[in-house]
Amino acid sequence: MLFGDEHVRRYEETDGEVGHDWQKGAPVLILTTKGRKTGQDRKFALIYQEHQGAYVVVASKGGADQHPGWFLNLQENPEVQVQVKADKFTARARTADEQEKAVLWPKMAAVWPDYDDYQKKTDRPIPVVVLERQS
């Protein structure tokens, strides 16, 4: 099973032929953010769902008490690069508001039920992030 940098590398090498369909059939995209401290590109393989022409990801970090680094990076610089299979594009990241989250969370938990368990493990509200393609 692919994880971390190896997941990203294999995904990019194969345009998602290896790595797009992950555990339990969950689809994965590659998110590239600018490091908030280094300014260098940082790449992450994240479970996603499409919603109204955008891509949705969850900043769960497995239910840790801190936000994942990629989420902190996009708060500093919301312009990101996204790869879904062979489709590579620039997107603008934003955190879903409470009303949107009420719609998007169940959609994400349907593809990855562990999200509900992650939320129970932490007091922080786990953000849902919308990646909107830029033209």
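Residues numbered from 1 in each chain as written. Predicted model: local features only at pLDDT ≥ 70, side-chain atom pairs only at ≥ 80, totals over all residues. Heavy atoms only, no water.

Draft legend 1. Region of interest: the sheet that holds strand β5 (residues 79-84). What the 7 strands build is an open sheet, ordered β2-β1-β5-β6-β7-β4-β3; its pairing is antiparallel. Looking at the sheet topology across the chains shown, the edges are occupied by β2 (41-47) and β3 (49-51). Sheet twist, expressed as the average angle between the axes of neighbouring strands with direction ignored, equals 35 degrees. Summarising the sheet, strand β6 (residues 87-95) and strand β7 (residues 128-133) pair through 5 bridges and their orientation is antiparallel. Residue A93 lies in a different strand from β7, and its bridge partner there is L131. Sheet strands in contact with helix α2 (residues 69-76) are β1 (28-34), β2, β4 (54-58), β5, β6 and β7, and its direction is about 50 degrees off that of β1. (Pairing = 2+ DSSP bridges. Helix = DSSP H or I, 4+ residues; strand = E, 2+ residues; numbered from the N terminus. Axes fitted to C-alpha atoms, helices over the stretch in contact; angles between N-to-C directions. Contact = heavy atoms within 4.5 Å.)

Draft legend 2. Spatial organisation of the environment of R9. Turning to its location among the elements, R9 is positioned in helix α1 (residues 4-13). Considering only alpha carbons, one finds R9 and F89, 80 residues apart in sequence, at a separation of 18 Å. At 2.6 Å, the side chain of R9 forms a polar contact with the side chain of E13. (Polar contact = N/O pair within 3.5 Å; in protein donor to acceptor, adjacent residues only side chain to side chain.)

Draft legend 3. Spatial organisation of the pairing of β7. Pairing of β4 with β7 involves 4 bridges; the strand directions are antiparallel. The partner of V57 across the bridge, within β7, is V129.

Draft legend 4. Structural detail: the nonpolar core. One finds I47, V58, W105, W112, Y115 and V128 to be the most contacted residues of the largest nonpolar core, which totals 22 residues. Looking at this core, the element that brings in the most residues is helix α3 (residues 98-111), giving 5 residues. When residues no more than four places from it in sequence are discounted, the contact partners of V128 are V56, V57, V58, R94, T95, A96, K101, L104 and W105. (Core = buried A, V, L, I, M, F, W, Y, C linked by side-chain atoms within 4.5 Å. Buried < 20%, exposed > 50% of the residue type's maximum accessible area, 1.4 Å probe, protein only.)

Draft legend 5. Examining the pairing of β2 more closely. Bridge count for β1 against β2 is 7 bridges, and the pairing is antiparallel. Note that in β2 the partner of T33 across the bridge is R42. Two successive antiparallel strands, β1 and β2, enclose a turn made up of 6 residues, where G39 displays a positive phi of approximately 75 degrees.

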